[in-house]
Amino acid sequence: MNPDYWPEPERFDPERFTPQEVAKRPRLAYVPFGIGPRSCEGAALATVEAQLVLTVLLKRLRFRPAPGHEVTPVERFVLWARDWRLARWSSGWARVALMPRRRR
């Protein structure tokens, strides 16, 4: 990663992807799987794996807003929440409550 756009590239920092931080970088500064003829061959596999993980989580857990957190919907092409981040890892709080689903 280019240190001009990504200071401390080895450090995990999800705050790099907030809208304010994204606006500071060129549009193609982050292309995780590359583009064009030299793009990552594993991109399709990674996408399928992510879908499978999400499917398993949705099957096993119920995602509910954390107590006291109100979700404000925003109409776009698809429905979004005004506060889109589910968790803020650096400060240790989460805005969702996970509950196991009942087995039938």
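Up top is the structure.
What you see is a predicted model; the values in this text were computed from it and never measured.

Rules used throughout
Residues numbered from 1 in each chain as written. Predicted model: local features only at pLDDT ≥ 70, side-chain atom pairs only at ≥ 80, totals over all residues. Heavy atoms only, no water. Helix = DSSP H or I, 4+ residues; strand = E, 2+ residues; numbered from the N terminus. Buried < 20%, exposed > 50% of the residue type's maximum accessible area, 1.4 Å probe, protein only. Lys, Arg positive; Asp, Glu negative; His and termini not counted. Salt bridge = Lys/Arg side-chain N within 4 Å of Asp/Glu carboxyl O. Polar contact = N/O pair within 3.5 Å; in protein donor to acceptor, adjacent residues only side chain to side chain. Contact = heavy atoms within 4.5 Å.

Chemist: Can you walk me through the side chain of Arg16 in this structure?
Modeler: The topology assignment puts Arg16 in the segment before α1 (19-23). For the buried Arg16, no salt bridge is present, and the opposite-charge side chain at shortest range is Asp13, 4.2 Å distant. Looking at Arg16, its side chain comes within polar contact range of the main-chain oxygen of Pro7, at 2.9 Å. A distance of 2.6 Å separates a polar atom in the side chain of Arg16 from the backbone oxygen of Glu8. Sequence-distant contacts of Arg16, defined by excluding residues within four places in its chain, comprise Trp6, Pro7, Glu8, Pro9, Arg11, Glu21, Val22 and Arg25.

Chemist: Can you walk me through the pattern of salt bridges in this structure?
Modeler: Two side chains carrying opposite charge are able to pair once their charged atoms lie near each other. Overall, the coordinates contain 3 salt bridges when judged by the stated rule. Among the ionic pairs, Arg11 bridges to Glu8, the shortest N-O distance being 3.2 Å. Residue classification places Arg11 among the partly exposed positions, given a relative accessible area of 43%. Among the salt bridges present, the one from Lys24 reaches Glu21, with a minimum N-O distance of 2.9 Å. According to the relative accessible area criterion, Lys24 is exposed, its value standing at 61%. A network of salt bridges, in which partner residues are shared, links Glu8, Arg11 and Asp13.

In short, shape yes, function no, at least from these values alone.
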